[in-house]
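Architecture and fold: a report
For reference, the chains in residue letters:
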Amino acid sequence: MDNSLQAVVAATVSFFVVTLLFAVIIMVCKAKKKPTQRRPQTRTISKPKSNFELISGESATFDPSLNQISMAELVIATNNFSTDLIIGDGSFGLVYKAKLNNQVTVAIKKLDPDAFQGFREFRAEMETLGKLRHKNVVKILGYCATGLDRVLIYEFMERGSLDQWLHDTSSDVEASKQQLVSRSPLPWDTRVKVCSGIVDGLAYLHGLDTPIIHRDIKASNVLLDIEFEAHIADFGLARRIDTSHSHVSTQVAGTMGYMPPEYREGNTAATVMADVYSFGILMIEIASQKRPNWPVVLDGEEVGFIEWARKMVEQNRQIEMIHSNISREELIADNVKQYFKIALLCTNENSRSRPAMSEVSQLLKQISS
Ligand SMILES: Nc1ncnc2c1ncn2[C@@H]1O[C@H](COP(=O)(O)OP(=O)(O)OP(=O)(O)O)[C@@H](O)[C@H]1O
């Protein structure tokens, strides 16, 4: 090998040695930095607990002041989720009545881990309800998220849901009878009070900087406290809307009988006016105790719920629309007429002609005062 070839080989070998050395140095430096740079796989809120395991990013939009309650405490409080303590059975899981360590009685909703929807429900409730504060919106007191279990803890509503006061729901959950204060027909004034509470809750949601559309206003989503104050519950379908747009496009959501006519016409935009319509239907249900998704017999003919209401009002038969278990002596004819007038305004076929909830609140106050 001549001298020049030897020089080339030497230069190449030293180049590789130096490059290898640099690579090793860089790798060592990276390995040293790794522990401080790595992002945690799960995110926690304020007080991480050993059993706390949210999906990455799940907690990002929750109110940090919400209490994390351990599964161990819930198991003790519910006697291992005993069937004796069941007070409700919703589409996302069972609801239990229990007393926590701090002696506060609560309603515990254990979402069904098999249902994917259960996870969505958890997120939706935490992201919307978890941040709201209004006397007519049910409060979340805490939550538990461990493994696949998702549990929501609410303030306990002594008088259960409104539908239990309007319809025979005894077959739903027999045990609930022992857990809730006994029921008797609601007096007329109480019904108007319940309506006012729902209206004030909805006016609050719709009046937020980023308004919230509930999208599933119905009797089973209204809970009653000991004073018959209404609390809007179940925000699993709720949507926040950007105020720069009057609506958000979405899939049709809600419950048959309460859904506005624009949904039938294929207009799937979610607007606050859909809530106004559902509330109008609920007002008629509260007075008549008829179920909105069942046909009604009017003068020997079967008609739809809203058609029945409109025809009865046209014929000036408002008092007849009120369920027979309400004493006629309680009723003031003008107030009853005004009540159904408001209900029909809210259920106007044209969504733009429906009143805002703040307006409905004023109109209702005229009856209740
Ligand atoms: N905070 C609470 N206080 C008292 N009872 C409650 C509370 N939350 C729920 N319940 C009871 O549990 C029942 C089931 O509630 P849940 O919200 O799971 O379902 P739902 O609204 O009745 O039905 P769906 O989920 O199909 O809309 C209610 O009807 C009510 O009787």
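Along every chain, residues carry numbers that run from 1 in the direction the sequence is written. The predicted nature of this model means local features are confined to residues of pLDDT at least 70 and side-chain atom pairs, given and counted, to a pLDDT of 80 or more, with totals for whole chains, interfaces and linings taken over all residues. Side-chain calculation: all heavy atoms of the structure are included, whereas hydrogens and water are not.

This is how the line gets drawn: UniProt positions are given in the numbering used here, feature names are shortened, and annotations may be inferred rather than shown by experiment.
An unreviewed UniProt entry lists the chain under the name Pkinase_Tyr domain-containing protein, from Cephalotus follicularis. Of the comments in the UniProt record for the chain, the one headed Sequence similarities (unreviewed entry) reads "Belongs to the protein kinase superfamily."

1. Notes on the overall build of the chain
Note the cut-off: Helix and strand assignments follow DSSP, with helices taken as H or I runs no shorter than four residues and strands as E runs no shorter than two, numbered in order from the N terminus. When a residue's accessible area, from a 1.4 Å probe over protein chains only, is under 20% of the maximum for its type it is buried; when over 50% it is exposed; and in between it is partly exposed. Here, residues are in contact when the closest pair of their heavy atoms is within 4.5 Å. Note that accessible areas follow from Shrake-Rupley with a 1.4 Å probe, and for residues the cover is restricted to the protein chains shown.
Assigned secondary structure in the chain consists of 12 helices and 14 strands. Burial statistics for the chain: of 369 residues in total, 47% are counted as buried. Contacts in the chain between residues at least 24 apart in sequence constitute 61% of all its contacts with a sequence separation of at least 6. Here the chain displays about 19,100 Å² of accessible surface, and carbon together with sulfur accounts for 54% of that area.

2. Some details on the packing of helix α6 (residues 188-206) against helix α12 (residues 357-368)
As a reminder of what qualifies: Note on geometry: axes are lines fitted to C-alpha atoms, helical ones only across the stretch in contact, with angles between N-to-C directions running from 0 to 180 degrees. Any angle from 65 to 115 degrees is called roughly perpendicular, while one under 35 is roughly parallel, one over 145 is roughly antiparallel, and all others are oblique. Here a crossing is taken to be left-handed if its near helix is turned anticlockwise relative to the far helix by less than a right angle, and right-handed if that turn runs clockwise. Residue polarity is assigned by list, with Asp, Glu, Lys and Arg as charged and Ala, Val, Leu, Ile, Met, Phe, Trp, Tyr, Cys and Pro as nonpolar; anything else, Gly included, falls into the polar class.
Running from N to C, α6 and α12 point in directions that differ by 160°, and their axes come no closer than 9 Å. Relative to α12, α6 is oriented roughly antiparallel. As α6 packs across α12, the resulting crossing turns out to be left-handed. On α12, the residues that touch V192, C195, S196, V199, D200, L202, A203 and H206 of α6 are M357, S358, V360, S361, L364, K365 and S368. Looking at the contact of α6 with α12, its residues break down into 8 nonpolar, 5 polar and 2 charged.

3. Re the packing of aromatic side chains
Put simply, the rule is: By convention, a stacked pair of Phe, Tyr or Trp rings (six-membered ring in the case of Trp) has centres within 6.5 Å and planes under 30 degrees apart, an edge-to-face pair has planes over 60 apart, and any other such pair is tilted. Placement of a charge over a ring requires the Lys NZ or Arg CZ to be within 6 Å of the ring centre, with the centre-to-atom vector within 35 degrees of the ring normal.
Taken as a whole, this structure holds 6 aromatic pairs when the rule is applied. A ring pair is formed by F305 and W308, whose centres lie 6.3 Å apart and whose planes are at 35°; its orientation type is tilted. Placement of the pair is F305 and W308 together in helix α9 (residues 305-314), with a separation of 3 residues, close to one helical turn. Owing to a relative accessible area of 5%, F305 belongs among the buried residues under this scheme. Owing to a relative accessible area of 3%, W308 belongs among the buried residues under this scheme. The interplanar angle of 80° and the centroid separation of 5.3 Å between the aromatic rings of Y339 and F340 together place this pair among those described as edge-to-face. On the basis of relative accessible area, Y339 is assigned to the buried category, the value being 0%. For F340, a relative accessible area of 1% gives the class buried. Across the ring face of W308, the terminal group of K290 is positioned such that the distance to the ring centre comes to 5.2 Å. One Lys or Arg, R291, reaches over the ring of W294 and ends 5.2 Å from the middle of that ring.

4. Comments concerning the pairing of strand β5 (residues 140-146)
Let me state the cut-off plainly: Criterion used throughout: strands pair if DSSP finds at least two bridges between them.
The element β5 is extensively covered by neighbouring structure, given that 6 of its 7 residues are classed as buried. Of the strand pairs in this sheet, strand β1 (residues 67-68) and β5 are connected by 2 bridges, and their pairing is parallel. Across the sheet, residue N67 finds its bridge partner in β5, namely G142. A loop of 2 residues connects β5 with strand β6 (residues 149-155), the two strands running antiparallel in sequence, and G147 in this loop sits at a positive phi of about 55°.

5. Re the environment of E121
Inspection of the secondary structure puts E121 in helix α3 (residues 116-127). The exposure class assigned to E121 is buried, which follows from its relative accessible area of 1%. Through-space distance from the C-alpha of E121 to that of L202 is 20 Å; in sequence the pair is 81 residues apart.

6. A few points about the environment of R240
Topologically, R240 is positioned in strand β10 (residues 239-240). Take R240: its relative accessible area is 34%, and that puts it in the partly exposed class. Taking the C-alpha atoms as reference, R240 lies 10.0 Å from E127; in sequence the two are 113 residues apart.

7. Some remarks on the pairing of β6
With 6 of 7 residues buried, β6 is to be regarded as a mostly interior element. Relative to β6, strand β4 (residues 105-111) runs antiparallel, the two sharing 5 bridges. Bridging from a neighbouring strand, V106 pairs with E155 of β6. Bridge count for β5 against β6 is 6 bridges, and the pairing is antiparallel. Note that in β6 the partner of C144 across the bridge is V151.

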